[in-house]
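Structural characterization, general
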Amino acid sequence: MKIKSITVFCGSSLGLENIYQEQAALLGQALAAQDIRLIYGGANVGLMGAVADGCLQAGGSVTGVLPYFLQSKEIAHTGLTELVMVETMHERKTKMNDLCNGVIMLPGGYGTLEEFFEMITWAQLGLHQKPIGILNTGGFYDDLIKMVRTMVDKGFLKQINQDMMLISGNIDDLLEMMENYEAPTVGKWISREEV
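The text that follows walks through the structure, step by step, so that each part is easy to find. (Residues numbered from 1 in each chain as written. Predicted model: local features only at pLDDT ≥ 70, side-chain atom pairs only at ≥ 80, totals over all residues. Heavy atoms only, no water.)

1. Quick look at the packing of aromatic side chains
Tallied over the entire structure, the rule returns three aromatic pairs. With centroids separated by 5.2 Å and ring planes inclined at 80°, the aromatic side chains of Phe116 and Phe117 adopt a geometry described as edge-to-face. Overall, Phe117 belongs to the partly exposed group, its relative accessible area being 27%. Taken together through their ring pairs, the aromatic side chains of Tyr20, Phe140 and Tyr141 make up a single cluster. (Phe/Tyr/Trp six-rings, centres within 6.5 Å; stacked < 30°, edge-to-face > 60°. Buried < 20%, exposed > 50% of the residue type's maximum accessible area, 1.4 Å probe, protein only.)

2. Section: unusual backbone geometry
The backbone of Asp35 sits at a positive phi, close to 55°, despite the residue not being glycine. The topology assignment puts Asp35 in the loop between α1 (18–33) and β2 (37–40). (Helix = DSSP H or I, 4+ residues; strand = E, 2+ residues; numbered from the N terminus.)

3. Re the pattern of salt bridges
Within the structure shown, the criterion is met by five salt bridges. Put simply, Glu114 and Lys93 hold a salt bridge, and the shortest N to O gap is 2.3 Å. Of this pair, Glu114 sits in helix α5 (residues 110–124) while Lys93 sits in helix α4 (residues 89–99), and the two are 21 residues apart along the sequence. Judged by relative accessible area, which is 39%, Glu114 ranks as partly exposed. On the basis of relative accessible area, Lys93 is assigned to the buried category, the value being 9%. Across the pair Glu118 and Lys93 runs a salt bridge whose closest N-O atoms are separated by 2.4 Å. Placement of Glu118 in helix α5 and of Lys93 in helix α4 is noted, with a sequence separation of 25 residues between them. (Salt bridge = Lys/Arg side-chain N within 4 Å of Asp/Glu carboxyl O.)

4. A look at a nonpolar patch on the surface
Taken together, Met147, Met151 and Phe156 make up a surface patch of nonpolar side chains, about 330 Å² in accessible area. Within the secondary structure, Met147 is located in helix α6 (residues 142–153). For Met147, a relative accessible area of 42% corresponds to the partly exposed category. (Patch = residues over 30% accessible without salt bridge, like charges linked within 9 Å, V, L, I, M, F, W, Y side chains within 5 Å. Areas by Shrake-Rupley, 256 points an atom, 1.4 Å probe, with all protein chains shown as cover.)

5. Re the pairing of strand β1 (residues 5–9)
With five of five residues buried, β1 is to be regarded as a mostly interior element. As defined by bridge partners, β1 adjoins β2 across three bridges and the pair is classed as parallel. Within β2, the residue paired with Ser5 across the bridge is Arg37. In this region the chain leaves β1, passes through α1 and returns to the parallel neighbour β2; the handedness of that crossover is right-handed. Inspection of the sheet shows β1 paired to strand β5 (residues 103–105) by three bridges, in the parallel sense. (Pairing = 2+ DSSP bridges. Right-handed = clockwise from strand over helix to strand, strands pointing away.)

Below is the structure:
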């Protein structure tokens with residue numbers, strides 16, 4: 001599947017290590033180089049601003065999706081190709097899903113995790129077949145990946161559903177994994193016999 005647009009979920013902060021901002025900007029540049037439209041949360045701050053600026057500076061197309069209440073806090077990015085305004089956070093996620101055919105998570109906090117896990121849950125339930133990637137910059141998500149492994153080991157998640165998370169610390173590798181992704185056709189529910 002040729003990916004034409006990717007939603008990126010990431011922090012509205014930069015984090016304490018420069019590598020997070022550097023990799024966010026490089027991801028934006030890589031998307032522009034592959035003519036993949038960036039869909040993201042519409043802000044000019046943190047890793048959100050870094051990925052958008054990286055894409056724009058490399059000549060890429062960037063669509064931001066921002067709730068009105070955040071625009072009033074003066075964090076809206078004013079240099080985007082397109083800024084879509086919505087009423088609620090839930091409407092924001094729905095719109096970002098509608099606009100993309102792939103998802104990547106960069107480092108972030110509660111909001112980033114919530115957005116990512118809603119998208120992968122929708123995939124697990126068969127509501128979409130989009131590739132879902134984690135750019136594991138500097139091992140940022142190592143502990144999260146271990147927790148998901150525990151979910152499999154304890155019988156709360158199927159291995160095939162863990163495998164839906166495409167994980168790499170390398171941007172080009174991750175994008176290639178996403179291009180070659182095939183969604184599972186197995187149902188979500190686990191019987192005791194399968195554990």
